[in-house]
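This is what each chain is made of:
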Amino acid sequence: MCGIVGYIGKKNAVPILIDGLKKLEYRGYDSSGIAIYSNNHIIIEKSKGRLTNLEEKIENKNFNSHLGIGHTRWATHGEPSDLNAHPHTNTEETIAVIHNGIIENYLELKNFLESECNIKLKSETDTEVIAHLIDYYFEGNLLDAVYKAVHRMEGAYAIGVICKNEPDKLIAVRKDSPLIIGIGENENFIASDIPAILKHTKNILLVENNEFVEITKDTIQIYDNLKRTVDRKPFEVTWDIESAEKEGYEHFTLKEIHEQPRAVLNTLNHNLKNGKINFENLKITKEELQAFDKIYIIGCGTAYNAGLIGKYALKKFAGINAICDIASEFRYNDPLIDEKTLVICISQSGETLDTLQSLRLAKEKGAKILSIVNIVGSSLTRESDYIFYTLGGPEIGVASTKIFTCQLLGFYLISLHFAKLLNKMNDDEISTYINELTTIPNKIESILNNQDQIKKISSMQFNNESIFYMGRNIDMEIAYESSLKLKEISYINSFAIGAGELKHGTIALVKENTFVISFATQENLFDKMVSNIKEIKARGAHVLTVVKESSKNIENLCDEILKIPNTFDIFTPLLSIIPMQLLAYYISVMRGNDVDKPRNLAKSVTVE
Ligand code: M6R
């Protein structure tokens, strides 16, 4: 998804912008660009492809400027190209704009600019209309012109604007796309996300929806939609840039897979006090919980898969039958929601548009929102009634790994807490499960310390054209997540299926040497899985089965057995996903893929 960064201060803006854009690379992009003010001119440099292309372009130009904006673009309107890359300008190039989001009424605005103002647009982007509109309204005051232009726009946007006629100012606006301000000394910053500016300041101001910001090197003034001043207190970021760097790992994805013991431990410790659940931001009362007659769980991608597993935990521990839905389906499916509904939203970024819009829809209908989120201060957290923070730290790799396990942990803790509030379990029973959860970080560590088998399997399978996954119940959900992980970073054709569904069609695909990964970690379903394994073995499949250490011996039946440490059946996803993440990772590396930034994908999907 697009990333934006802006600088105003005493230093040279150019290296600050480029460095900031590098920190936003994880969001996914196909082109990049900067606009700076220098010698009474706005200078624009942009380039298709990797940021290094832009760097090469400006390498010998010795730019020096105290004011600039930069952008990484993820194409929505118009193909990736130098021309469509941001920043965009008005015809005279006195105003430059960067934008993350989509202007939904862009065609109407384009028609207006072309027919009424005789303006010829250069690019195919929706963003260019913003620059021309601001110019159209500019009468000597940039902030006023931005207000007028933005009031004509519909859609989602985080925008940064600079103007040749007001070179001491940077204007920013936000609606439904992330935007933060970094406060420095004699310098200030804007960005889509904190890592872009963390090197320079830890003092952050959040910009809310429909707010406008006027920034000089010494001042920051936030205004609401009606231009009334808004007071906002900054907060200090507690994590540092090192935790967002690779720390010797070849890829962020590998580093993040290895960070799981710590991420799970942090999330656990933060929510326990003297061995009992103690939530900081999730103060739901027994009466409030009892008042809900329906619980939805929604998310996208990996977050949705975590929700599928969360559904089992809510049922097992709290006796709650929740409905789990993909956010992009939920919002267009006329969900039955009222004030007796609780919607649990799951999101690493807290900015995924479909999840956010589902939240808003649910709120409009009176529902209460509980969010499981990683990014503090993200849109989701600001619009939720109750929050569970996954304390996994920044996740840079596009493939979600450590935050998935933290999301699962969140569900287990929330479900146990609900069980207590609803008197479904007594303290001793809850303690037994919590004690087991405290052993999980070490168990993950032991899997991470024994990667030889997974590396060997990866080297045997990395050239495969398709890999299938199967399981039953909670193992089926982990099959979905394992398959998603493989697809997104290896580009191998893959699907996952409930093993009982095989003979209803999919088994037709199984032939000699089809590689199938099966999960048989659930004791009550073990024999059923054995039958399914036999079915596909009889058709020549090459079967790898994931089992618990204490499992019955099925080595003669399978080609490979992968053992995970023993734990309660309900907690096995916390362990069984680890070798599957590693498998996807090593296969991706062996295929020569860009593991951290897989093709066509963005870390944070802030458009529909
Ligand atoms: O930031 P979110 O958790 O809301 O993102 C949701 C999905 O876009 C995300 O999980 C995506 O599926 C990942 N690439 C999966 O690894």
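Reference entry: report on the structure contained in this document. Keep in mind that what you see is a predicted model, and the values were worked out from it rather than measured.

1. Quick notes on the overall build of the protein chain
Okay, step 1: When helices and strands are tallied, the protein chain shows 18 helices and 27 strands.
Okay, step 2: Scaling as 2.2 N^0.38, a compact globule of 608 residues should have a C-alpha radius of gyration of about 25 Å, and the protein chain matches this with 26 Å.
Okay, step 3: Each principal axis of the C-alpha atoms in the protein chain carries an extent, and together these give about 80 × 55 × 45 Å.
Okay, step 4: By the burial criterion, 62% of the 608 residues in the protein chain qualify as buried.
Okay, step 5: Partitioning the contacts of the protein chain with sequence separation of at least 6, the portion at a separation of at least 24 is 71%.
Okay, step 6: When the accessible surface of the protein chain is split by element, carbon and sulfur atoms take 45% of a total near 23,600 Å².
Okay, step 7: Separation between the mean location of the 67 positive side-chain charges and that of the 81 negative ones in the protein chain comes to 3 Å.

2. A short note on the sheet that holds strand S1 (residues 3-9)
Okay, step 1: Overall, antiparallel pairing links the eight strands, which are arranged S3-S2-S4-S1-S10-S9-S11-S15 in an open sheet. Because the sheet does not close on itself, it has two edges, and the strands there are strand S3 (41-48) and strand S15 (235-236).
Okay, step 2: The pairing of S1 with strand S10 (residues 187-191) spans five bridges and is antiparallel. For Val5, the partnering residue across the bridge sits in S10 and is Ala191.
Okay, step 3: Sitting on the sheet, helix H2 (residues 51-58) touches strand S2 (31-38) and S3, and the angle it makes with S3 is about 135°.

3. Regarding unusual backbone geometry
Only a minority of non-glycine residues have a phi that is not negative, and only a minority of peptide bonds are not trans.
Okay, step 1: With an omega of 0°, the peptide bond running from His86 to Pro87 counts as cis.
Okay, step 2: Looking at the secondary structure, you find Pro87 in the loop between strand S4 (67-73) and strand S5 (88-89).
Okay, step 3: Notably, Asn39 is not glycine yet its phi reads approximately 45°, a positive angle.
Okay, step 4: Non-glycine residue Asn210 carries a positive phi angle of around 60°.
Okay, step 5: Relative to the helices and strands, Asn210 is located in the loop between strand S11 (203-206) and strand S12 (211-215).
Okay, step 6: Look at Asn210 and you get partly exposed, because its relative accessible area is 31%.

4. Here we look at the environment of Asn321
Okay, step 1: Relative to the helices and strands, Asn321 resides in the loop between helix H9 (301-318) and strand S19 (323-326).
Okay, step 2: In the structure, Asn321 is positioned 143 residues away from Asn464 in sequence and 39 Å away in space, judged by C-alpha atoms.
Okay, step 3: When neighbours within four sequence positions are excluded, Asn321 is seen to be in contact with Ile295 and Lys315.

5. Regarding the nonpolar core
Okay, step 1: Ranked by internal contacts, the top residues of the largest apolar core, which has 86 residues, are Phe317, Tyr412, Phe418, Leu437, Tyr469 and Ile517.
Okay, step 2: Each of domain 2 (246-438) and domain 3 (452-590) gives at least three residues to this core.
Okay, step 3: If near-sequence neighbours (up to four positions away) are discounted, Ile517 is found in contact with Ile467, Phe468, Tyr469, Met470, Leu544, Val546, Met580 and Leu583.
Okay, step 4: Counting residues in each nonpolar core, the second largest holds 32 residues, with Leu113, Ala131, Leu143 and Val146 among its members.

6. Quick look at the sheet that holds strand S22 (residues 386-389)
Okay, step 1: Strand order in the open sheet formed by five strands is S19-S18-S20-S21-S22, with parallel pairing between adjacent strands. Edge positions in the sheet fall to S19 and S22, since each has one partner strand and no second. Sheet twist, expressed as the mean angle between neighbouring strand axes with direction ignored, is 20°.
Okay, step 2: Both strand S20 (residues 341-347) and strand S21 (residues 368-373) contribute to a ladder of six bridges, which runs parallel. Pairing of Cys345 across the sheet is with Ser371, part of S21.

7. Here's the deal with the site of the ligand
Okay, step 1: What surrounds the ligand is a group of 13 residues, the closest being Ser347, Gln348, Ser349, Thr352 and Glu488.
Okay, step 2: The contact in question runs from an oxygen atom of the ligand to an N or O atom on the side chain of Thr352, over 2.4 Å.
Okay, step 3: Lys485 has a polar side-chain atom sitting 2.9 Å from an oxygen atom of the ligand.
Okay, step 4: In isolation the ligand exposes 410 Å². Once the protein is present, 91% of that is buried.
Okay, step 5: Most atoms of the ligand, that is more than half of them, are within 2 Å of grid points of the second largest pocket.
Okay, step 6: Ranked by residue count, the leading element in the shell around the ligand is H9, at three residues.

8. Some remarks on the packing of helix H13 (residues 402-421) against helix H14 (residues 427-448)
The packing of two helices is summarised by the inter-axis angle and the distance between the axes.
Okay, step 1: Remark: H13 packs on H14, axes separated minimally by 10 Å, with the N-to-C direction vectors making an angle of 170°. As summarised for this structure, H13 and H14 are arranged roughly antiparallel, according to the angle between their axes. Contact with H13, carried on its side by Leu409, Tyr412, Leu413, Leu416 and Lys420, involves Asp427, Ile430, Tyr433, Ile434 and Leu437 of H14 and no other residues of that element.
Okay, step 2: Of the residues in the contact of H13 with H14, the class split is eight nonpolar, no polar and two charged.

9. Things to note about the layout of surface pockets
Okay, step 1: Roughly 550 Å³ of volume is contained in the second largest pocket.
Okay, step 2: As for the second largest pocket, its lining consists of 25 residues, of which Cys300, Gly301, Ala602, Lys603 and Val605 are closest to the centre.
Okay, step 3: When residues of the lining of the second largest pocket are traced back to their parent elements, those giving at least two are H9, S20, helix H11 (353-364) and helix H16 (474-490).
Okay, step 4: Here the residues of the lining of the second largest pocket sort into 10 nonpolar, 11 polar and four charged.

10. Considerations on the pairing of strand S26 (residues 542-548)
Okay, step 1: Among the seven residues that make up S26, seven are buried, leaving the element largely enclosed by the rest of the structure.
Okay, step 2: As a crossover connection, the stretch from strand S25 (residues 515-519) through helix H17 (residues 526-537) into S26 is right-handed.
Okay, step 3: Pairing between S26 and strand S27 (residues 560-564): five bridges, direction parallel. Bridging across to S27, Val546 finds its partner in Leu562.

11. Let's talk about the side chain of Asn84
Okay, step 1: In this fold, Asn84 is placed in the loop between S4 and S5.
Okay, step 2: For Asn84, the contacting residues outside a window of four places in its chain are Arg73, Gly78, Glu79, Ser123, Glu124 and Thr125.

Conventions we followed
Residues numbered from 1 in each chain as written. Predicted model: local features only at pLDDT ≥ 70, side-chain atom pairs only at ≥ 80, totals over all residues. Heavy atoms only, no water. Helix = DSSP H or I, 4+ residues; strand = E, 2+ residues; numbered from the N terminus. Rg over C-alpha atoms; globule rule 2.2 N^0.38 Å. Buried < 20%, exposed > 50% of the residue type's maximum accessible area, 1.4 Å probe, protein only. Contact = heavy atoms within 4.5 Å. Areas by Shrake-Rupley, 256 points an atom, 1.4 Å probe, with all protein chains shown as cover. Lys, Arg positive; Asp, Glu negative; His and termini not counted. Charge placed at Lys NZ, Arg CZ, Asp CG, Glu CD. Pairing = 2+ DSSP bridges. Axes fitted to C-alpha atoms, helices over the stretch in contact; angles between N-to-C directions. Core = buried A, V, L, I, M, F, W, Y, C linked by side-chain atoms within 4.5 Å. Domains from an automatic or database assignment. Near = heavy atom within 4 Å. Polar contact = N/O pair within 3.5 Å; in protein donor to acceptor, adjacent residues only side chain to side chain. 1 Å grid on protein atoms, 1.4 Å probe; cavity = no way out; pocket = protein on both sides within 12 Å on 5 of 7 lines; lining within 4 Å. Sits in = over half its atoms within 2 Å of the grid points. Parallel < 35°, antiparallel > 145°, perpendicular 65-115°, else oblique. Nonpolar A, V, L, I, M, F, W, Y, C, P; charged D, E, K, R; others polar. Points joined across faces, edges and corners; volume = space filled by probe spheres on them. Right-handed = clockwise from strand over helix to strand, strands pointing away.

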